[in-house]
2 protein chains.
Amino acid sequence: MPCRSGESALDEGGIRALLVHVPAWHVDNNGSVVCLMRKFAFKDFKDGLVFVNLVGELAEVEDHHPEMTLAWGNVTVRWWTYSLGGLHRNDFIMAARTDELYSQLMR
Amino acid sequence: MPCRSGESALDEGGIRALLVHVPAWHVDNNGSVVCLMRKFAFKDFKDGLVFVNLVGELAEVEDHHPEMTLAWGNVTVRWWTYSLGGLHRNDFIMAARTDELYSQLMR
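Analysis parameters
- Residues numbered from 1 in each chain as written.
- Chains lettered and ligands numbered in written order.
- Predicted model: local features only at pLDDT ≥ 70, side-chain atom pairs only at ≥ 80, totals over all residues.
- Heavy atoms only, no water.
- Core = buried A, V, L, I, M, F, W, Y, C linked by side-chain atoms within 4.5 Å.
- Buried < 20%, exposed > 50% of the residue type's maximum accessible area, 1.4 Å probe, protein only.
- Contact = heavy atoms within 4.5 Å.
- Phe/Tyr/Trp six-rings, centres within 6.5 Å; stacked < 30°, edge-to-face > 60°.
- Helix = DSSP H or I, 4+ residues; strand = E, 2+ residues; numbered from the N terminus.
- Buried area = accessible area lost by both parts, 1.4 Å probe.
- Salt bridge = Lys/Arg side-chain N within 4 Å of Asp/Glu carboxyl O.
- Polar contact = N/O pair within 3.5 Å; in protein donor to acceptor, adjacent residues only side chain to side chain.
- Nonpolar A, V, L, I, M, F, W, Y, C, P; charged D, E, K, R; others polar.
- Pairing = 2+ DSSP bridges.

**Q** Just to check I follow, could you spell out the nonpolar core for this structure?
**A** The tendency in soluble globular proteins is for nonpolar side chains to be buried side by side. Counting residues in each nonpolar core, the largest one holds 54 residues, and the members touching the most others are Phe51 of chain A together with Phe51 of chain B. Setting aside its immediate chain neighbours within four residues, Phe51 of chain A contacts Phe40, Phe42, Val75, Val77, Thr98, Leu101, Tyr102 and Leu105 of chain A.

**Q** Just to check I follow, could you spell out the packing of aromatic side chains for this structure?
**A** Two numbers describe a pair of aromatic rings. These are the distance of the centres and the angle of the planes. All names here are of chain A. This structure, assessed with the given rule, holds 12 aromatic pairs over all chains. Centre to centre, the rings of Phe40 and Phe51 are 4.8 Å apart; their planes meet at 50°, and the pair counts as tilted. Here the residue Phe40 occupies a position in strand E2 (residues 33–41), and Phe51 occupies one in helix H2 (residues 45–62), the gap between them amounting to 11 residues. For the pair formed by Phe40 and Phe51, the shared burial category is buried. An aromatic cluster of at least three residues, connected via ring pairs, comprises Trp25, Phe40, Phe42, Phe51 and Tyr102.

**Q** Would you take a moment to explain the interface of chain A and chain B for this structure?
**A** Size of an interface: often given as the accessible area lost when the parts come together. Between chain A and chain B, the residue contacts involve 16 residues of the former and 16 residues of the latter. When chain A packs against chain B, the two sides together hide about 1300 Å² of surface, and 66% of this comes from carbon and sulfur. Here chain A is connected to chain B by zero salt bridges. Inspection of the region where chain A meets chain B yields four residue pairs in polar contact (both at pLDDT 80 or more). Contributions of two or more residues to the side of chain A that touches chain B are made by H2 and strand E3 (67–71) of chain A. No other element matches H2 of chain A, which puts eight residues into the side of chain A that touches chain B. Here the side of chain A that touches chain B is composed, by residue class, of nine nonpolar, four polar and three charged. Both E3 of chain A and strand E3 (residues 67–71) of chain B contribute to a ladder of three bridges, which runs antiparallel. Each bridged residue has a counterpart across the sheet, and for Thr69 of chain A the counterpart in E3 of chain B is Thr69 of chain B.

Shape is all these values report; function is a separate question.
What follows is the structure, given as structure tokens:
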């Protein structure tokens, strides 16, 4: 959904209600901004890089971009909405779609 | 150069002597491990992703892997030698080669 101007970031109750739909993610405080975080495991560096590219493609299509940290054997993904300085419903949708990409890759 | 077993991480003097050759990098304490860090700027997310793939290719060829954090408009690269729990001369070589890849991409 488009993020309308004037909208504000989700509050604690709103976050808690949506978090049950993406149980593998947790709420993290990345510096000072609240974000959704999940660390994904891979058997090596190369597979992690493939995943970064898949999530990167999704990010470009949706014009909503995460922060991703690629290391040997794992990728940490963080979603938040820059313009709100916090979480929007869209971040939870992106988290769920990131989970789907991971499941497809691991199949 | 191959990293021989029995070698130890560079000490402060050794780090200082090599750091002059990669002046855009600084020594960072990533958690508890000393590493070389540089944040590279890009005009958008997509260009950062291209760079992550270039550095990833180099890492696979050399079998020495960095940690890379991709965000909209920047990529932070960290090099260190896991088996030494610190910095090896090779990390400075990889940092210099990362700089070269960035220069080529920005040309």
